[in-house]
Amino acid sequence: MNEELILQHGLTLDEFKIIKNYLSRDLTIEELGIFSAMWNEHCCYKTSKKWLKKLPTENEIVIQGPGENAGIIDIQDNDGIAFKIESHNHPSYIEPFNGSATGVGGILRDIFTMGARPIATLDSIRFGLIESEKTKYLLNGVVHGIGHYGNCIGIPNIGGECEFESTYGYNNLVNAMAVGHVQKDKIFYSKPKSIGGLIVYIGSKTGKDGIHGASMASDVFSEDDEDDKRPSVQVGDPFMEKLLMEGCLELMSLGLIESMQDMGAAGITSSSVEMASKGNVGVLINLDKVPLRQPLSAYEILLSESQERMLAVIDEKNNLKVREILQKWQIDYEVIGEITNNKRIVFESNNKKVVDLPVDIIVDDAPEYDREFYMPRKRKGKDFDFSRIKLEDIINTLLSNLNYLDKSWVFNQYDSTVMGDTVKEPGQSSGIVKIHGTQKVIGATTDCNPLYIRINPYEGMKYTVAESYRNLIACNINPLAITNNLNFASPLDPNIMGELVLSIDGLKTAAAKFNTPIVSGNVSLYNQTNEIPIKPTPVIGMVGSNQDLKKINSNKFCNIGNKIIVLGKKLEKNFSPYLLQDQNLASSINEYNDLEVLDLDYEKKVADCVLKMSDFKHIMSCNDISRGGVFLSLLKMQYKDMGFKVNIPDPIDLFCEYSAGYVIEIRNEDLNKVTSFLSKNGVGYFEIGEIIRENIEINSKKFDYFDIINNYHNNFEKIIN
Amino acid sequence: MSFKSAVITFPGSNCDRDALCYLQDLTKSVVYSIWHEEASLPQVDLVILPGGFSFGDYLRSGAMASKSKIINDVIKHANDGRYLFGICNGFQILTEIGLLEGALIQNKNLKFLGKNCFIKKKFKNNFNLSIKEDQALQIPVAHNEGNFYCDNETLKSLKNNEQIAFEYCKGEFSNSEENINGSIEAIAGITNKKKNILGMMPHPERAYSDFHQSQDGKLIIESLIS
């Protein structure tokens, strides 16, 4: 086999040598395709595996940790929650609409493959600066794509984040998360149970789309590549997925299926290899039986990433019944092979074995690299000159920066109330849905602070986890578990590798302290184009619950006259990275002071107090404090005709970032009870002001209420058009 | 009195369960779930055509569902003078069948619209009896093709026959719009001439329970039962 062909398949010559030595023969082109798909970063985590192993993945509520299609946690009774986040970064840059749509489709399949009915989606999307026409095109396409798929299949979108920053200009990020509800005694795994079980193909016909998508996702881009790669992007059909979902869930509820695996990245190849590896069995598949949309070679069938397809194992006696149910849903169904006992992956085509490989070499012998990494340099302390910064200017810069503005333009393109169980829609501290037919609710949020992580990957990651944690706490949702999506540039650069290693370490520390294990995740590396690496962006999705939906906190002001109290510890203005960045005080990454060490014990202590006060119904409304400080939290809490007046020694402190930061609204009659409770528990608080009608006042200075509110709500749409 | 009802499910319907729960909770009576390939409907007082993307909205929203096997019986049910209610995609299907006039075209901003909106009743009918004049109901919309369109003659006859059931209006939020999707005369829902068939774009079945942001959606079913 010639070198060029090997390199084109994304394998190094060393990696190829390992395979050839193991097999003691040359490979068929189909086999090379299989290794290309299975040994790339996207499928085998060869760079990150060593570090991911260190993450806490278990506790008393984890039913399924990483390694399955999705993680599952126990929320009491017979209820389990399956969830996962996944990236579709590169496809969404090449073709924003279909790239992001199929990202949503893929993550939903991961959920219902396990027998769970999807009940919510979230996302985390990042783009370059809006001044570029390209960014506008990408933003429109991505939001349209996410909306189109989720709206059509009918799963509510309940939240997410959307950030604009220059390093994402040629490498936007699209991470999609899905949450599903499963009955604990009806979970399905990818592991087949019996030798001789039939391998069946369920779903859309196979076409040419996405061939080599998985290896594309691990390539470094150059700008003029995008046209060449376009045929590699999958095209989604949410209607087909809706039928597939209903069909599969019906089969599962009737117990007609043994195991199931989504044909995601690297299609039939990865799904069958996963199945064989999990069950410690072999598979024999006849590619001639695969339903095709157009004539394809064996090689193309193996690597096609056509969407909306499932591979399942069934007992032969259920064959007719399964066919009948899928016929009702108008879904293609074909028996294409069987589970064997020889631990080999065998694919036949035209009465010839085109692939015959031991499972071990593909999975267990997949390369694992211990790449070199550098620790970040120590930072010198620096004082910034705030003397020329005026309060009005800070507010004006905030209200003209997309990252702070109300993002209804995005959320309003998503259906967030379908299924009738939505309690909190996007744009609030966290999204919340009710578990159908119960009083239980699930809250979920996605977060990342790339600037913090670039300054100090370890501490920055702790802040990211703490921010998600606070988002849930502010709603009186008890945080339970995490899914992560590690988006980084090329790990071949030891600085980037250092960010990867240290942020995983920060994730580990924070997740362990909060007792929120990581139950699923995804890694997306090589996010750089034209030598511009993205900021480190390890996004996390955090899920929590409350057994009683009546105990949920509002994130919006309730009543005029109520007191406003700030909890937590302020990062001083010289140490608030986003304040420095967005007020143009720091111009290069080297100028920032090191992040203050985040005290996780304190974070937890304040959170416990917020939960208790919420249960006592002492908190009328609550929001966490993050980028934009207390001021932005107050703006987010503004509702109907309500405004606020605050008094603070240094008004610039209103814009500082926080650890363990919350703004809470309490009734006057509860003030003494609340403050003595906080003092007794050693939680710092500051009575900052009260809710007033149609006014915004800072230290007795009146601001134009309607101007600020209208700008906050409407500027996003003005700026992007 | 027992008020029986049924919800039709087409491939791609995604508000069928929501409609089912809405009816069960508010009518406290039998609600049948009917698959589109069934030949006949049970005897019921009300049939709902639910929201969603029936047949993927391929060809045109509602066009393929309007040719389903069950539709013959749906037409018969309506011709007998019993209630038929299309919500969102269901409204689109009713215009495709021809039971309601006009058509639903793409929203004026050419984008999907998923948000709370406010509607008020225009002309009285059995679906809105319990709603006060000028009462603004808060009910979510979620549609891409909800922009009601008809020619001038049809509009005139819709008015003369008092067929306009609901129109969009401004709500209590300072930034709420009067006509969210560009519909002619802000029409949100219409009936047939006999006023036993209602089609509307907003989703009352997402605004009735105590945890929903609004319970205004109750009023429609309460009007029918009272």
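**Quick look at the overall build of chain B**
(1) Moving on: Scanning chain B from N- to C-terminus turns up five helices and eleven strands.
(2) Moving on: Across its three principal axes, chain B shows a C-alpha extent of roughly 45 × 40 × 35 Å.
(3) Moving on: Expressed as a percentage of the 226 residues in chain B, the buried residues total 63%.
(4) Moving on: Long-range contacts, defined here as pairs at least 24 residues apart, represent 77% of the contacts in chain B between residues at least 6 apart.
(5) Moving on: Accessible surface, chain B as shown: approximately 8,700 Å² in total, 46% of it carbon and sulfur.
(6) Moving on: Positive and negative side-chain charges in chain B, numbering 24 and 26 respectively, have mean positions lying 2 Å apart.

**Here's the deal with the interface of chain B and chain A**
(1) Moving on: Residue-level contacts link 29 residues of chain B with 32 residues of chain A.
(2) Moving on: Both faces combined, the contact of chain B with chain A buries some 2,700 Å², and carbon together with sulfur accounts for 55% of it.
(3) Moving on: Its largest share of buried area at the contact with chain A, chain B owes to Arg 17, Phe 112 and Phe 211 of chain B, together 23% of the area lost on that side.
(4) Moving on: Counting every contact that joins chain B to chain A gives two salt bridges.
(5) Moving on: Between Arg 206 of chain B and Asp 415 of chain A there is a salt bridge, with the nearest N and O atoms lying 2.7 Å from each other.
(6) Moving on: Seen at the junction of chain B and chain A, the total is 14 residue pairs in polar contact (both at pLDDT 80 or more).
(7) Moving on: Listing elements by their share of the side of chain B that touches chain A, those giving two or more residues are helix H1 (16-27), strand E6 (113-121) and strand E7 (137-143) of chain B.
(8) Moving on: Ranked by residue count, the leading element in the side of chain B that touches chain A is E6 of chain B, at four residues.
(9) Moving on: In the side of chain B that touches chain A, the residues fall into 13 nonpolar, nine polar and seven charged.

**Here's the deal with the packing of helix H8 (residues 133-153) of chain A against helix H11 (residues 238-253) of chain A**
All names here are of chain A.
(1) Moving on: Relative orientation of the contacting elements H8 and H11 amounts to 40°, with a least axis distance of 8 Å. It follows from the interaxial angle that H8 and H11 lie oblique. Taken as a pair, H8 and H11 cross one another with a handedness that is right-handed. Only Pro 238, Phe 239, Glu 241, Lys 242 and Met 245 of H11 make contact with H8, whose side of the interface consists of His 148, Tyr 149, Cys 152 and Ile 153.
(2) Moving on: In terms of residue class, the contact of H8 with H11 is made up of six nonpolar, one polar and two charged.

**Details of the pairing of strand E12 (residues 344-349) of chain A**
Residues and elements named next belong to chain A.
(1) Moving on: Bridge analysis of strand E9 (residues 282-286) against E12 gives four bridges, and the strand direction is parallel. Pairing of Ile 285 across the sheet is with Phe 347, part of E12.
(2) Moving on: Examined bridge by bridge, E12 and strand E13 (residues 352-358) share six bridges and lie antiparallel to one another. Bridge assignment links Val 346 to a residue of E13, and that residue is Asp 356.
(3) Moving on: In textbook terms, the turn of a hairpin is the stretch between consecutive antiparallel strands, and for E12 and E13 this stretch comprises two residues, one of which, Asn 350, has a positive phi near 50°.

**Regarding the packing of aromatic side chains**
All names here are of chain A.
(1) Moving on: For the structure on display, the rule yields 18 aromatic pairs over all chains.
(2) Moving on: Centre to centre, the rings of Tyr 705 and Phe 706 are 5.0 Å apart; their planes meet at 85°, and the pair counts as edge-to-face.
(3) Moving on: Phe 706 sits in the partly exposed class, given a relative accessible area of 41%.
(4) Moving on: A network of ring pairs unites the aromatic residues Phe 127, Phe 164, Trp 409 and Phe 716 as a single cluster.
(5) Moving on: In this arrangement the basic side chain of Arg 627 is found over the ring face of Tyr 404, its NZ or CZ atom lying 5.3 Å from the centre.

**Quick look at the pattern of salt bridges**
Residue and element names in this part refer to chain A.
(1) Moving on: Under the criterion given, the structure shown has 54 salt bridges over all chains.
(2) Moving on: In this structure, Asp 332 and Lys 205 form a salt bridge, with 2.8 Å as the shortest nitrogen-oxygen distance. One end of the pair, Asp 332, is in the loop between helix H14 (319-328) and strand E11 (333-340); the other, Lys 205, is in the loop between strand E7 (198-203) and helix H9 (213-216), with 127 residues separating them in the sequence.
(3) Moving on: The exposure class assigned to Lys 205 is partly exposed, which follows from its relative accessible area of 35%.
(4) Moving on: Among the salt bridges present, the one from Lys 570 reaches Glu 572, with a minimum N-O distance of 4.0 Å.
(5) Moving on: Judged by relative accessible area, Lys 570 falls into the partly exposed class, the value being 23%.
(6) Moving on: Among the ionic contacts, a cluster of salt bridges with common partners joins Arg 126, Glu 161, Glu 163, Asp 582 and Arg 627.

**Concerning unusual backbone geometry**
(1) Moving on: Although it is not a glycine, Asn 350 of chain A sits at a positive phi angle of roughly 50°.
(2) Moving on: As for its position among the elements, Asn 350 of chain A is in the loop between E12 and E13.
(3) Moving on: With a phi close to 55°, Glu 162 of chain B is a non-glycine residue in the positive phi region.
(4) Moving on: Topologically, Glu 162 of chain B is positioned in the loop between helix H4 (152-160) and strand E9 (164-169).

**Observations concerning a nonpolar patch on the surface**
All names here are of chain B.
(1) Moving on: The grouping of Tyr 58, Leu 59 and Met 64 at the surface amounts to a nonpolar patch, some 330 Å² of accessible area in total.
(2) Moving on: Considering the arrangement of structural elements, one finds Leu 59 in the loop between strand E3 (46-49) and helix H2 (71-79).
(3) Moving on: The exposed category is assigned to Leu 59, whose relative accessible area is 70%.

**Some points on the side chain of Asn 487 of chain A**
Residues and elements named next belong to chain A.
(1) Moving on: Along the chain, the position of Asn 487 falls in strand E17 (residues 478-487).
(2) Moving on: A distance of 2.9 Å separates polar atoms of two side chains, one belonging to Asn 487 and the other to Asn 89.
(3) Moving on: A distance of 2.8 Å separates a polar atom in the side chain of Asn 487 from a polar atom in the side chain of Asn 175.
(4) Moving on: Residues contacting Asn 487, with those up to four places away along its chain left out, are Ser 87, Asn 89, Leu 173, Asn 175, Ser 524, Asn 527, Ile 534, Lys 535, Pro 536, Thr 537, Pro 538 and Val 539.

**Re the packing of H1 of chain B against helix H5 (residues 218-225) of chain B**
All names here are of chain B.
(1) Moving on: Here H1 crosses H5 at 50°, and the two axes come no closer than 10 Å. Considered as vectors, H1 and H5 are oriented oblique to each other. Crossing of H1 against H5: the hand is right-handed. Of H5, the residues touching H1 (which contributes Tyr 22, Leu 23, Leu 26 and Thr 27) are Lys 218, Ile 220, Ile 221 and Ile 225.
(2) Moving on: Looking at the contact of H1 with H5 residue by residue, the classes come out as six nonpolar, one polar and one charged.

**Side note on the sheet that holds E9 of chain B**
All names here are of chain B.
(1) Moving on: Across the sheet, nine strands lie side by side as E2-E1-E3-E4-E11-E10-E9-E6-E7; this open sheet has mixed pairing. Two strands bound the open sheet, and with one partner strand each, they are strand E2 (31-35) and E7. With direction set aside, neighbouring strand axes in the sheet form an average angle of 25°.
(2) Moving on: By the bridge criterion, seven bridges tie E6 to E7 in an arrangement that is antiparallel. Paired with Cys 117 across the two strands is Ile 139, which belongs to E7.
(3) Moving on: Its contacts with the sheet put H2 on strand E1 (5-9), E3, strand E4 (83-87) and strand E11 (197-200), and the angle it makes with E4 is roughly 125°.

Conventions we followed
- Residues numbered from 1 in each chain as written.
- Chains lettered and ligands numbered in written order.
- Predicted model: local features only at pLDDT ≥ 70, side-chain atom pairs only at ≥ 80, totals over all residues.
- Heavy atoms only, no water.
- Helix = DSSP H or I, 4+ residues; strand = E, 2+ residues; numbered from the N terminus.
- Buried < 20%, exposed > 50% of the residue type's maximum accessible area, 1.4 Å probe, protein only.
- Contact = heavy atoms within 4.5 Å.
- Areas by Shrake-Rupley, 256 points an atom, 1.4 Å probe, with all protein chains shown as cover.
- Lys, Arg positive; Asp, Glu negative; His and termini not counted.
- Charge placed at Lys NZ, Arg CZ, Asp CG, Glu CD.
- Buried area = accessible area lost by both parts, 1.4 Å probe.
- Salt bridge = Lys/Arg side-chain N within 4 Å of Asp/Glu carboxyl O.
- Polar contact = N/O pair within 3.5 Å; in protein donor to acceptor, adjacent residues only side chain to side chain.
- Nonpolar A, V, L, I, M, F, W, Y, C, P; charged D, E, K, R; others polar.
- Axes fitted to C-alpha atoms, helices over the stretch in contact; angles between N-to-C directions.
- Parallel < 35°, antiparallel > 145°, perpendicular 65-115°, else oblique.
- Left-handed = near helix turned anticlockwise from the far one by under 90°.
- Pairing = 2+ DSSP bridges.
- Phe/Tyr/Trp six-rings, centres within 6.5 Å; stacked < 30°, edge-to-face > 60°.
- Lys NZ or Arg CZ within 6 Å of the ring centre and 35° of its normal.
- Patch = residues over 30% accessible without salt bridge, like charges linked within 9 Å, V, L, I, M, F, W, Y side chains within 5 Å.

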